[in-house]
Amino acid sequence: MQGKFISFEGPDGAGKTSVLRQIQADLEDQLGKDRVVYTREPGGDRISEQIRQLLFNAANGDMDGRTEALLFAASRRQHVISEILPDLNAGKVILCDRYVDSSVAYQGAGRQLGEKEIWQLNQFAIDGVMPELTVYLDIESEIGLRRIAEHRSDQVNRLDKEKLAFHQAVRQAYLRMYHNDPDRIKLVDASQPLDQVITDVRQVIHTRYPDLF
Ligand SMILES: Nc1ncnc2c1ncn2[C@@H]1O[C@H](COP(=O)(O)OP(=O)(O)O)[C@@H](O)[C@H]1O
Ligand SMILES: [Mg+2]
């Protein structure tokens, strides 16, 4: 069977990690544990995890925006080579928590480095490796931020601390990408109760891959 590469996108607090936990368990039940991989952006392997630590370290608040964008792209490149391509070639289903759209949204729009520029920068890093399906969990920035503040305040990272306007710009960029590429990107309303979000995500995956779920 051919590998499948599915990315999950959305603002902080949209529920990506919560949804993926259940989707991963369901797919493992169906296909077997060795056929399903959860991985996250940035990082996963040793080298990109080291880059991740640089990016999210609270002491690096003075990091230049382009430096940040280049580090995300570098980490992505390493992740593609060490995990995504080998798993795809092994016929696995890859559930990727954030990918290139996150850079376009966070660095391109949030940091105002330019969505097109960040997209182009990342083409060098990914070299044509794109998910066939991207599940975008859409949520109003206020609700996403409130969820994080209420449940995950111990895990707030450097990017989570940005102002509301930053997060609103991120969401607008996601919505633009969704409108520009509706074949790849499928929107799920993440403001619903978690069970309903998971049901909708299952349906989106099943529609693209009828042999899943
Ligand atoms: N649909 C939902 N309704 C209410 N709370 C949710 C929902 N989805 C996630 N949460 C809660 O919001 C917080 C952030 O969820 P998480 O899955 O970590 O989001 P993300 O990975 O997208 O940042 C968690 O505490 C989680 O329990
Ligand atoms: Mg998460």
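Scoring rules and cut-offs
Counting restarts for each chain, with residues numbered from 1 along the sequence as it is written. Chains and ligands are labelled by the order in which they are written, letters from A for the one and numbers from 1 for the other. Side-chain atom pairs in this predicted model are given and counted only at pLDDT of 80 or more, local residue features only at pLDDT of at least 70, and totals for whole chains, interfaces and linings cover all residues. Remark: hydrogens and water are excluded; side-chain values derive from all non-hydrogen atoms of the structure. UniProt positions are given in the numbering used here, feature names are shortened, and annotations may be inferred rather than shown by experiment. Strands here are runs of E lasting at least two residues and helices are runs of H or I lasting at least four, both read from the DSSP assignment and numbered beginning at the N terminus. For each residue, the accessible area found with a 1.4 Å probe, counting protein chains only, is set against the maximum for its type, and the residue is called buried under 20%, exposed over 50%, and partly exposed in between. In what follows, a contact means two residues having at least one pair of non-hydrogen atoms within 4.5 Å. For two strands to be treated as a pair, DSSP must find no fewer than two bridges joining them. Each axis is a line fitted through C-alpha atoms, and for a helix only the stretch in contact is used; angles between axes span 0 to 180 degrees, taken between their N-to-C directions. Side-chain rings of Phe, Tyr and Trp, where Trp is taken by its six-membered ring, are said to pair if the distance between their centres is within 6.5 Å; with planes under 30 degrees apart they count as stacked, over 60 as edge-to-face, and otherwise as tilted. Here a cavity denotes a set of grid points, spaced 1 Å apart and computed over the protein atoms alone, in which a 1.4 Å probe fits but from which it cannot get out, and a pocket denotes an open set meeting protein on both sides within 12 Å along at least five of seven lines; residues with an atom within 4 Å of a point are reported as lining. Grid points are joined across faces, edges and corners, and a volume is the space filled by probe spheres set on the points. Three residue categories are used. Nonpolar comprises Ala, Val, Leu, Ile, Met, Phe, Trp, Tyr, Cys and Pro, charged comprises Asp, Glu, Lys and Arg, and polar comprises the others, including Gly. Along the arc lie the directions from the helix axis toward the C-beta atoms. Residues adjacent in sequence count toward polar contacts only when both atoms are side-chain atoms; beyond that, a polar contact is any pair of N or O atoms within 3.5 Å, and within protein one must be able to donate a hydrogen and the other to accept it. In this scheme, a helix's expected span is set at 1.5 Å multiplied by one less than its residue total.

Details of the UniProt feature "binding site: ATP" (unreviewed entry) in the protein chain
Link 1 in the chain: Mapped onto the present numbering, the UniProt feature "binding site: ATP" (unreviewed entry) falls on G10, P11, D12, G13, A14, G15, K16 and T17.
Link 2 in the chain: Here P11 shows up in the loop between β1 (4-9) and α1 (16-31).
Link 3 in the chain: The exposure class of P11 is buried, given its relative accessible area of 4%.
Link 4 in the chain: Along the chain, G15 turns up in the loop between β1 and α1.
Link 5 in the chain: The class of G15 is buried, set by a relative accessible area of 16%.
Link 6 in the chain: With residues up to four places along the chain from it excluded, the contact list for G15 reads L137 and R147.

Focus: the sheet that holds strand β4 (residues 133-138)
Link 1 in the chain: Spatial strand order, β2-β3-β1-β4-β5: 5 strands in an open sheet with parallel pairing. Each of the sheet's edge strands pairs with one partner strand only, and the pair in question is β2 (36-40) and β5 (185-189). Each strand axis lies, on average, 20° off the axis of its neighbour in the sheet, ignoring direction.

Considerations on the packing of aromatic side chains
Link 1 in the chain: For the structure on display, the rule yields 4 aromatic pairs.
Link 2 in the chain: Measuring from ring centre to ring centre gives 5.0 Å for F5 and Y99, while their planes differ by 80°; the resulting arrangement is edge-to-face. Of this pair, F5 sits in strand β1 while Y99 is found in the loop between β3 (93-97) and α4 (100-110), placing the two residues 94 residues apart along the sequence. Note on accessibility: F5 and Y99 belong to one class, buried.
Link 3 in the chain: Between the aromatic rings of Y136 and Y174, the centroid separation amounts to 5.0 Å while the plane-to-plane angle is 25°, which identifies the pairing as stacked. Taken together, the residues span a long stretch of sequence, with Y136 in strand β4 and Y174 in helix α7 (residues 164-180) at a distance of 38 residues.

Some details on the pairing of β4
Link 1 in the chain: Most of β4 is tucked away, with 6 of its 6 residues classed as buried.
Link 2 in the chain: Where β1 lies against β4, 4 bridges are found, and the strand directions are parallel. Bridged to F8 within β4 is V135.
Link 3 in the chain: The pairing of β4 with β5 spans 5 bridges and is classified as parallel.

Some words on the layout of surface pockets
Link 1 in the chain: Each pocket or cavity is described by its volume, and for the second largest pocket that value is around 160 Å³.
Link 2 in the chain: In terms of lining, the second largest pocket is formed by D101, V104, E115, K116, W119, R176, M177, N180, D181, R184 and I185.
Link 3 in the chain: Those elements that place two or more of their residues in the lining of the second largest pocket are α4, α5 (115-126) and α7.
Link 4 in the chain: Broken down by class, the residue content of the lining of the second largest pocket amounts to 4 nonpolar, 1 polar and 6 charged.

Some words on helix α6 (residues 141-151)
Link 1 in the chain: Three or more residues of α6 are buried, namely S141, G144 and I148. Along the axis of α6, the buried residues cluster in a sector spanning 70°; they form a single face. Away from the buried face of α6 by more than 90 degrees, exposed residues A149, E150 and H151 are located.
Link 2 in the chain: Buried residues along α6 sit against α7.

As for the environment of L133
Link 1 in the chain: Its location among the elements puts L133 in strand β4.
Link 2 in the chain: Taking the C-alpha atoms as reference points, L133 and D87, separated by 46 residues in sequence, lie 16 Å from one another.
Link 3 in the chain: Beyond its immediate stretch of four places on either side in the chain, L133 contacts F5, I6, S7, R184, K186, V204, I205, R208 and Y209.

What about the side chain of D12?
Link 1 in the chain: On the secondary structure map, D12 appears in the loop between β1 and α1.
Link 2 in the chain: A polar atom in the side chain of D12 sits 3.3 Å from the side chain of Y106.

What about α1?
Link 1 in the chain: Its 16 residues give α1 an end-to-end C-alpha distance of 21 Å, which sits within 8% of 22 Å, the value for a rise of 1.5 Å per residue.
Link 2 in the chain: Where α1 is buried, its residues touch β1, β2, β3, β4 and α8 (194-208).
Link 3 in the chain: Positive phi shows up at G32, right after α1, with a value of about 100°.

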